[in-house]
Amino acid sequence: MTRRKFLNQVAVGVAAATANTVARSAESKEEKGEVPLIVSTWPFGKASNDEALKILLGGGSLLDAVEKGIWVTESSGNGSVGLSGSPNAAGVVQLDACIMNGPDHKAGSVAGLEGIRHPISAARRVMEKTRHVLLVGEGARMFALEEGLESVELNSKERYEKWQKQRASQRAKPAEKKPDNHDTIALLVLGKDGNIAGGCSTSGLGGKLPGRVGDSPIIGSGLYVDNEVGAAGATGLGENVMRYCASFLIVEFMRQGMTPHEACVQAIRRVMRTEPKGTNLSINFVALDKQGRYGAAGTDGGFQYSVTTPGGSRVLPNPGIGTPER
Ligand code: GLY
């Protein structure tokens, strides 16, 4: 099957359920002015979207919307984002985050950050207050403290024991992995002025080796924003995202004319081309474009994503990736 045929098949078949949604979203923007548009990963992203929208409608900047929106999930007790996230194999919570601003194409990231309540704020400070893009580990923590960001004790014995119990039950029932126990918030914002920004925050893979960094703070992997085109963000197994610079790839596919949904599908299929694991990759993406269209696709059946405009917020199902090309 040719690539074009596959795309047609995706558009007509598997994505039929969401095609109307995508079409409606594009129409909404033109006919009803449905911007700002905010798209994020997972149902827990909805509360972050709502906060981001509130910030924007109150006159805040795109970056304020991204930062304060992500604060909501970082503070929510989520099992994989922020201070309540999963510890690494040594029982230590190490947080990763990044932020990217479309208009000036600036970015900031932190990785392996310990004891800071809002890693997304540390990432923003890296972007705005240093000449660097990525700070890691103790250097990132010292920088965050110097910036006056709130520090907290993440690594209590009680928290570690709770996580060990959670991990044991997850291992016993891997098929029952719940979306709310899983992974990363990536949040993308298209403003009324057509500018775009995004952010990403996670505690990363539970039980990871100390010092492991996933896709989330890596610009182009866990997040990418191009103000001329659109933005994309990832959730899932970082190793399977970062080896392909998948968010960058999605944005480049949109630049070539694909819709956000088609671009997410094609990025997954590009990864699958060289992966022997088939669809067992745990990679999931959200994307939006400059026209106000949005989409998503993932290899996790339970993946869902959240979309917010002034008209309301919705949690949408994973549209899937279509029938594998033969
Ligand atoms: N996507 C988050 C991680 O793998 O760390």
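Structure's up top.
Predicted model, so just to flag it, every value in this text is computed and none were measured.

1. Thoughts on the pairing of strand β10 (residues 294-298)
Taking burial as the measure, the five residues of β10 include five buried ones, the bulk of the element. A two-sided burial pattern is seen for β10, the buried positions comprising Y294, A296 and G298 on one face and G295 and A297 on the other. Note: strand β9 (residues 283-289) against β10, five bridges, orientation antiparallel. What sits directly across from N284, in β10, is G298.

2. Some details on the packing of aromatic side chains
Evaluation of the coordinates by the stated rule reveals three aromatic pairs. When the centroid spacing of 5.1 Å and the interplanar angle of 90° are considered together, the rings of W42 and F303 count as edge-to-face. Within this pair, whereas W42 is found in the loop between β1 (37-41) and α3 (45-57), its partner F303 is found in the loop between β10 and β11 (304-309), the two being separated by 261 residues in sequence. Of the two residues examined, W42 and F303, each falls in the buried class. An aromatic cluster of three or more residues is present, and its members are W42, F44 and F303. When the ring centre of W71 is taken as origin, the NZ or CZ atom of K68, which lies over that ring, is 5.1 Å away.

The rules we used
- Residues numbered from 1 in each chain as written.
- Predicted model: local features only at pLDDT ≥ 70, side-chain atom pairs only at ≥ 80, totals over all residues.
- Heavy atoms only, no water.
- Buried < 20%, exposed > 50% of the residue type's maximum accessible area, 1.4 Å probe, protein only.
- Helix = DSSP H or I, 4+ residues; strand = E, 2+ residues; numbered from the N terminus.
- Pairing = 2+ DSSP bridges.
- Phe/Tyr/Trp six-rings, centres within 6.5 Å; stacked < 30°, edge-to-face > 60°.
- Lys NZ or Arg CZ within 6 Å of the ring centre and 35° of its normal.

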